[in-house]
Amino acid sequence: MAEMHCGFWNANCYTLLPELLKWTTSTLAVTHIKAPKTAEDELIEIQSATGTAVQRWAVRSLTLCKLVLKNVASLLSAELRYATLFMAVIWFCMAFSYYGLSVWFPDMIKHLQYEEYQLKVKVFHKEKVENFHFNFSLENQVHKEGEYINDKFIKIELKSVKFEDSLFEDCHFEDIRSTDTVFENCTIRNTFFIDTDLKEKFIDCKMENNTFEHDKHGCHLDTVEENDVLIYLVSFLGSLAVLPGNIISALFMEKIGRVKIIGGSMLISAGCTFFLFLSFSQSAIIALQCLFCGVSVAAWNGIEVVTVELYPASKRATAFGILNGLCKLAAVLGSSIFASFVGITKAIPILLSFTALVCGGLVALKLPDTREKILQ
């Protein structure tokens, strides 16, 4: 009897089970999932439904600004405050010195070239030249109180030439190319100027019965062409010096540690800037520039790695963006300040960069070691 009852029960179960599953599925089916809303979502939804397009844009912009400010403020929380402060000082000091000196090095080399050029200037005083044919170029010369009577200047170049308080009478200028050339307080009589660019080079001159034909316009000589080649070469060498610095920092980042890489590189870079006090030649400045670029790039690599490892994933992009913006501000300040002292003094740029690098290097040594830290 019991066996019959169990069999009957099992048969009914097998019959009713599909119906039961069908009823449960239809009753408990999930039609949609509603995520919890925040206050910002509710405000945006209300404005989207009732406000104008301008109001919706304003609300979304305001909400986004609040979220950004909230995320930025979180960088100053108790657990991240000192890390953010230290990294801000390091980024600012490094960018101020690096970009400031990157502008200062080429400008300083240009200034040294100009000084060397000026030391080689030839001065002619009260010379008198009559019936002479100038068939050779004149360069880096000053002619004072000279007299040029019935002379010919044909197919020559005048490069950095100044005629001052001089007399030109019955002269002939033809096919002249000039740059950085000027006639000042000169008297010019009965002189022909054909196919020249000298018409705009006369300052406070007395002109009497002169003829100008087929004037050239613009600069036809490039005085800095050779200097520019050297400047480009210097910039190329500075960029090339970055390569070994990148390789060395990549090989020893884990062995030495990020903190020591940053601190040591910044302090060595400070030493390079200090030795600029002892450099009075172009070659010495170029050598120190290459050394500075090669060492400082290791500090940059360490700074970027530590910036990523110090912050959690939710704050990492914000921290990197804020510090990078501070870096750009320091770069603008450094470039402007350093460039303004070229030709005046080199002590202030050197002292500023030295002080900034030393401060940044010492602060970097206070950072925690993040080699064993697992990124979130």
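The next point concerns the packing of helix α6 (residues 242-256) against helix α8 (residues 282-310). Any two packed helices are characterised by the angle at which their axes cross and by the distance between the axes. Their axes nearest at 7 Å, the elements α6 and α8 cross at an angle of 45°. Considering their axes alone, α6 and α8 lie oblique with respect to each other. You can see that α6 and α8 cross each other, and the crossing is right-handed. Along its contact with α6, which presents Val242, Gly245, Asn246, Ser249 and Met253, the element α8 presents Cys293, Gly294, Val297, Ala298, Asn301, Gly302 and Val305. For the contact of α6 with α8, the residue count by class is six nonpolar, six polar and no charged.

Bringing the nonpolar core into the picture now. If you look at the biggest cluster of nonpolar residues, it comprises 46 residues, and the most contacted ones within it are Met87 and Ile90. For this core, the secondary structure elements donating two or more residues are α4 (81-119), α5 (225-240), α7 (258-274), α8, α9 (313-340) and α10 (347-364). Considering each element in turn, this core owes the most residues, 15 residues, to α4. If sequence neighbours within four positions are ignored, Met87 has contacts with Ile303, Val306, Thr307, Leu310, Tyr311, Leu323 and Leu367. Core analysis: the next-biggest nonpolar cluster, separate from the first, contains 20 residues, Leu158, Phe168, Ile176 and Phe202 among them.

All right, on to the confidence of the model for the chain then. When the pLDDT values of the chain are averaged, the result is 80; 81% of them are 70 or greater. Low pLDDT (under 50) marks residues 1-14, which in the prediction has zero contacts with non-local residues, meaning those over four places away or in another chain. Across residues 23-28, confidence stays below pLDDT 50; counting only partners more than four residues off in sequence or on other chains, it has zero contacts.

For the rest of this paragraph, the subject is a nonpolar patch on the surface. Nonpolar side chains collect at one region of the surface, where Leu243, Ile247, Ile248, Leu251, Phe252 and Ile256 lie side by side and expose about 550 Å² of accessible area between them. By the element assignment, Leu243 lies in helix α6.

The next subject is the environment of Ala299. Turning to its location among the elements, Ala299 is positioned in helix α8. When the C-alpha positions of Ala299 and Ile262 are compared, they lie 4.4 Å apart, and in sequence the two are 37 residues distant. In this view, Ala299 contacts Met94, Ile261, Ile262, Ser265 and Met266; residues no more than four positions away in its chain are not counted.

Of the pairings in the sheet, the one linking strand β3 (residues 133-134) to strand β6 (residues 152-164) comprises two bridges and is parallel in character. Bridge pairing in β6 links His133 to Lys152. For strand β4 (residues 138-144) and β6, the ladder comprises six bridges, and the chain directions are parallel. The partner of Gln141 across the bridge, within β6, is Val161. Taken together, the seven bridges between β6 and strand β8 (residues 172-179) define a ladder with parallel strand orientation. Across the sheet, residue Ile156 finds its bridge partner in β8, namely Ile176.

Thresholds applied
Residues numbered from 1 in each chain as written. Predicted model: local features only at pLDDT ≥ 70, side-chain atom pairs only at ≥ 80, totals over all residues. Heavy atoms only, no water. Axes fitted to C-alpha atoms, helices over the stretch in contact; angles between N-to-C directions. Helix = DSSP H or I, 4+ residues; strand = E, 2+ residues; numbered from the N terminus. Parallel < 35°, antiparallel > 145°, perpendicular 65-115°, else oblique. Left-handed = near helix turned anticlockwise from the far one by under 90°. Contact = heavy atoms within 4.5 Å. Nonpolar A, V, L, I, M, F, W, Y, C, P; charged D, E, K, R; others polar. Core = buried A, V, L, I, M, F, W, Y, C linked by side-chain atoms within 4.5 Å. Buried < 20%, exposed > 50% of the residue type's maximum accessible area, 1.4 Å probe, protein only. pLDDT = per-residue confidence, 0-100. Patch = residues over 30% accessible without salt bridge, like charges linked within 9 Å, V, L, I, M, F, W, Y side chains within 5 Å. Areas by Shrake-Rupley, 256 points an atom, 1.4 Å probe, with all protein chains shown as cover. Salt bridge = Lys/Arg side-chain N within 4 Å of Asp/Glu carboxyl O. Pairing = 2+ DSSP bridges.

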